[in-house]
Amino acid sequence: MFSDDNRYLTIAIGKGRLAQKTAELFEKIGVGTGGMSEKGTRKLIFTDEKDRIKLFLAKPSDVPTFVEYGAADIGIVGKDTILEESRQVYEVLDLGFGACRMCVCGPPENAELLKHHQQIRVASKYPNIARDYFHNRKDQTVDIIKLSGSVELAPLVELADVIVDIVETGSTLKENGLQVLEEVCPLSARVIVNRVSMHMESARVRELITKMRKEIYRDE
Ligand code: PRP
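Analysis parameters
- Residues numbered from 1 in each chain as written.
- Predicted model: local features only at pLDDT ≥ 70, side-chain atom pairs only at ≥ 80, totals over all residues.
- Heavy atoms only, no water.
- Phe/Tyr/Trp six-rings, centres within 6.5 Å; stacked < 30°, edge-to-face > 60°.
- Helix = DSSP H or I, 4+ residues; strand = E, 2+ residues; numbered from the N terminus.
- Buried < 20%, exposed > 50% of the residue type's maximum accessible area, 1.4 Å probe, protein only.
- Lys NZ or Arg CZ within 6 Å of the ring centre and 35° of its normal.
- Contact = heavy atoms within 4.5 Å.
- Polar contact = N/O pair within 3.5 Å; in protein donor to acceptor, adjacent residues only side chain to side chain.

Asks: What's the story with the packing of aromatic side chains in this structure? I'm lost.
Replies: Two aromatic rings are characterised by how far apart their centres lie and by the angle between their planes. Enumeration over the complete set of coordinates arrives at 2 aromatic pairs. Between the aromatic rings of Phe56 and Phe66, the centroid separation amounts to 4.9 Å while the plane-to-plane angle is 70 degrees, which identifies the pairing as edge-to-face. With a gap of 10 residues between them, Phe56 in strand E3 (residues 53–58) and Phe66 in helix H2 (residues 63–68) connect regions that are remote in the sequence. Since its relative accessible area comes to 11%, Phe56 is described here as buried. An angle of 85 degrees between the planes, with centres 5.4 Å apart, marks the rings of Tyr133 and Phe134 as edge-to-face. For Tyr133, a relative accessible area of 7% corresponds to the buried category. We note Arg52 situated over the ring of Tyr8; from NZ or CZ to the ring centre the distance is 4.4 Å. When the ring centre of Tyr8 is taken as origin, the NZ or CZ atom of Lys54, which lies over that ring, is 4.6 Å away.

Here is the structure:
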């Protein structure tokens, strides 16, 4: 299909944990990140004139929105955000890094509350993932309480019985006397693509994805 070679291919990257690894990956495959990983930079858009690629940093939860609306052709974001936002985008590649798990966690004595379909309170930064897990996979009625951070506080101050949250090293749980009670799903950084760009920019999108795949999985 027709593609304008002068057009910039635009890539949205979630700020924070995944941004550094993403910048390293792009440098390895020859995409200039124009100082994206410089400490303290407040710049939002970085341009690689050679390959006509624009990279921009966005709040992770906004990355699927930019991609769905075509403001970015491609997005790099965690599977947690993709599941929570349920945007109309293609998920095309698992980058492997940022590996962690979405889990139901709480004090060990609350494990029992997950066994009997009883109504419980669940705090999470991911209300849609939590609702889907309890309603569709466990058939358990729950009150979901949306929090924005430090979710581990919720069971400690009796705001909720359990939480649905990301567990990476497990140290936040351990330091607060909480445990993984059930695993919801594994997570990692993924590449998403706008549905129109997948066709209109097919050659450039595929070339970039192939380079990323080869770099990530070259030892396998
Ligand atoms: C995330 C997550 C857990 C923690 C898990 O929080 O929500 O709290 O990391 O990591 P660990 O298993 O290695 O301890 P984040 O640091 O993003 O901040 P937040 O609590 O403010 O959301």
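Asks: How should I be thinking about the environment of Arg121 in this particular structure?
Replies: Tracing the sequence through the fold places Arg121 in strand E7 (residues 120–124). Look at Arg121 and you get partly exposed, because its relative accessible area is 38%. If sequence neighbours within four positions are ignored, Arg121 has contacts with Asp143, Ile145, Glu158, Leu159, Ala160, Asp161 and Val162. From its side chain, Arg121 meets the backbone oxygen of Leu159 in a polar contact 3.3 Å long.

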